[in-house]
Amino acid sequence: MIKVDENKYLSFAYDEEKIIQKLEELGIPQNKIQHIYFAQNEFSQLENGGAFGCNNEVFLFDKELLVKVPNNLANALQQDMIDIEKVTLSNYFIELFSYKKLTSNKSVQYASSIFLGFAILLFIQTFIYKQMTNEYPSKIEAIKEQYNLPPTLIQANAIIESYGKSQRQYNKIRDAISYAVSANTLKETKIIEIHLEKNILTLYYKVNDLETLESYLKKEFKRASLRNEDGKTKVRIEL
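Keep in mind that this is a model prediction, so the values were computed, not measured.

A. Looking closely at the overall build of the protein chain. Along its length, the protein chain carries six helices and 10 strands. For the protein chain, the proportion of its 239 residues judged to be buried stands at 23%. Here the analysis covers contacts within the protein chain between residues at least 6 apart in sequence; of these, 51% occur between residues at least 24 apart. Counting every atom, the protein chain has about 18,800 Å² of accessible surface; 54% of that belongs to carbon and sulfur.

B. Fine view of the layout of surface pockets. Computed from the structure, the largest pocket encloses a volume of approximately 1,100 Å³. What lines the largest pocket is a set of 27 residues, among which Leu26, Ile36, Tyr37, Phe38 and Ala39 lie closest to the centre. If you list the elements that add at least two residues to the lining of the largest pocket, you get helix H1 (16–25), helix H2 (39–42), strand S4 (57–62) and strand S5 (65–68). Ranked by the residues each element gives to the lining of the largest pocket, the list is headed by H1, at four residues. Across the lining of the largest pocket, the residue classes tally to 19 nonpolar, three polar and five charged.

C. A look at a nonpolar patch on the surface. Together, Leu116, Ile120, Phe123, Ile124, Phe127, Ile128, Tyr129 and Met132 line one region of the surface with nonpolar side chains, adding up to about 830 Å² of accessible area. By the element assignment, Phe127 lies in helix H4 (residues 105–147).

D. Spotlight on the nonpolar core. Formed by 20 residues in total, the largest nonpolar core has its most connected members in Leu203, Tyr205, Leu213, Leu217, Phe221, Val235 and Ile237. Apart from residues no more than four positions distant in its own chain, Leu203 is found in contact with Ala180, Ile191, Glu193, Ile194, Thr233, Lys234, Val235 and Ile237. Listed in part, the eight residues of the second largest apolar core include Ile19, Ile20, Leu23 and Leu96.

E. Examining the confidence of the model for the protein chain more closely. Averaged over every residue, the pLDDT of the protein chain is 80; residues scoring 70 or more account for 87%. A low-confidence stretch, residues 98–103 stays under pLDDT 50, and its non-local contacts, those more than four residues away or across chains, total 10 contacts.

F. Helix H6 (residues 210–218), seen in detail. All of the buried residues in H6 are Leu213, Tyr216 and Leu217. For H6, the angular spread of the buried residues around the axis is 95°, confining them to a single face. Looking at where H6 begins, the residue whose side-chain oxygen comes 3.3 Å from the main-chain nitrogen of Glu211 is Asp209.

G. View of the sheet that holds strand S7 (residues 189–197). With antiparallel pairing, the four strands of this open sheet are ordered in space as S7-S8-S10-S9. Here the strands that pair on one side only, and so sit at the sheet edges, are S7 and strand S9 (224–229). Strand-to-strand, the axes of this sheet are offset by a mean angle of 20°, without reference to chain direction. In this sheet, strand S8 (residues 200–207) lies alongside S7 in antiparallel orientation, the contact comprising eight bridges.

Conventions used here
- Residues numbered from 1 in each chain as written.
- Predicted model: local features only at pLDDT ≥ 70, side-chain atom pairs only at ≥ 80, totals over all residues.
- Heavy atoms only, no water.
- Helix = DSSP H or I, 4+ residues; strand = E, 2+ residues; numbered from the N terminus.
- Buried < 20%, exposed > 50% of the residue type's maximum accessible area, 1.4 Å probe, protein only.
- Contact = heavy atoms within 4.5 Å.
- Areas by Shrake-Rupley, 256 points an atom, 1.4 Å probe, with all protein chains shown as cover.
- 1 Å grid on protein atoms, 1.4 Å probe; cavity = no way out; pocket = protein on both sides within 12 Å on 5 of 7 lines; lining within 4 Å.
- Points joined across faces, edges and corners; volume = space filled by probe spheres on them.
- Nonpolar A, V, L, I, M, F, W, Y, C, P; charged D, E, K, R; others polar.
- Patch = residues over 30% accessible without salt bridge, like charges linked within 9 Å, V, L, I, M, F, W, Y side chains within 5 Å.
- Salt bridge = Lys/Arg side-chain N within 4 Å of Asp/Glu carboxyl O.
- Core = buried A, V, L, I, M, F, W, Y, C linked by side-chain atoms within 4.5 Å.
- pLDDT = per-residue confidence, 0-100.
- Arc of directions from axis to C-beta.
- Polar contact = N/O pair within 3.5 Å; in protein donor to acceptor, adjacent residues only side chain to side chain.
- Pairing = 2+ DSSP bridges.
- Axes fitted to C-alpha atoms, helices over the stretch in contact; angles between N-to-C directions.

Next comes the structure, spelled out in structure tokens:
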């Protein structure tokens, strides 16, 4: 659909099969066609110029529609011949479906061979997977006995979950210590001691600017508390 004026649009209806048949009649390979343009739109600049000839045929615009003049009337009309190769094409066009370009038997056979090859590979892969699947139960039982694993999946998942929690807690503690130690990068700040007991991380700093240290730590630890103790700053962090 093309907008030609305010609240006025030009739309086209076409039968792709007829376009393909016409190309075959003209002996034009479909894979050589990039775009299809509509003469109604491409010749619109000639709408007020009377009749014009192109490729031994005569056309004119009648009530804004491009029509082909019958041969018995064409000779009676004054017409201007146009060079089709000099027509500047617009940005409005259609494309034929790409799968229709497989018009030769050789292309179809080549595509069929590819699909057949994929089908054979899929069959072989499915067969191998099925054989492997049949062997899994006995292998699983043998592994359970060899490594003294839990007999049920629920028990195994419970153990995995407990390990997962331990790993997450370890990562949390590691990241907390790393961030707290990085306070050494602050001006006139030096960490002196680190203690970890259960979920409480205790640190001692030598610092001149307590507010800067407190602001830095509370960006990461909302429940951090600071206080001066024996000339040092004691920091208590609940993990």
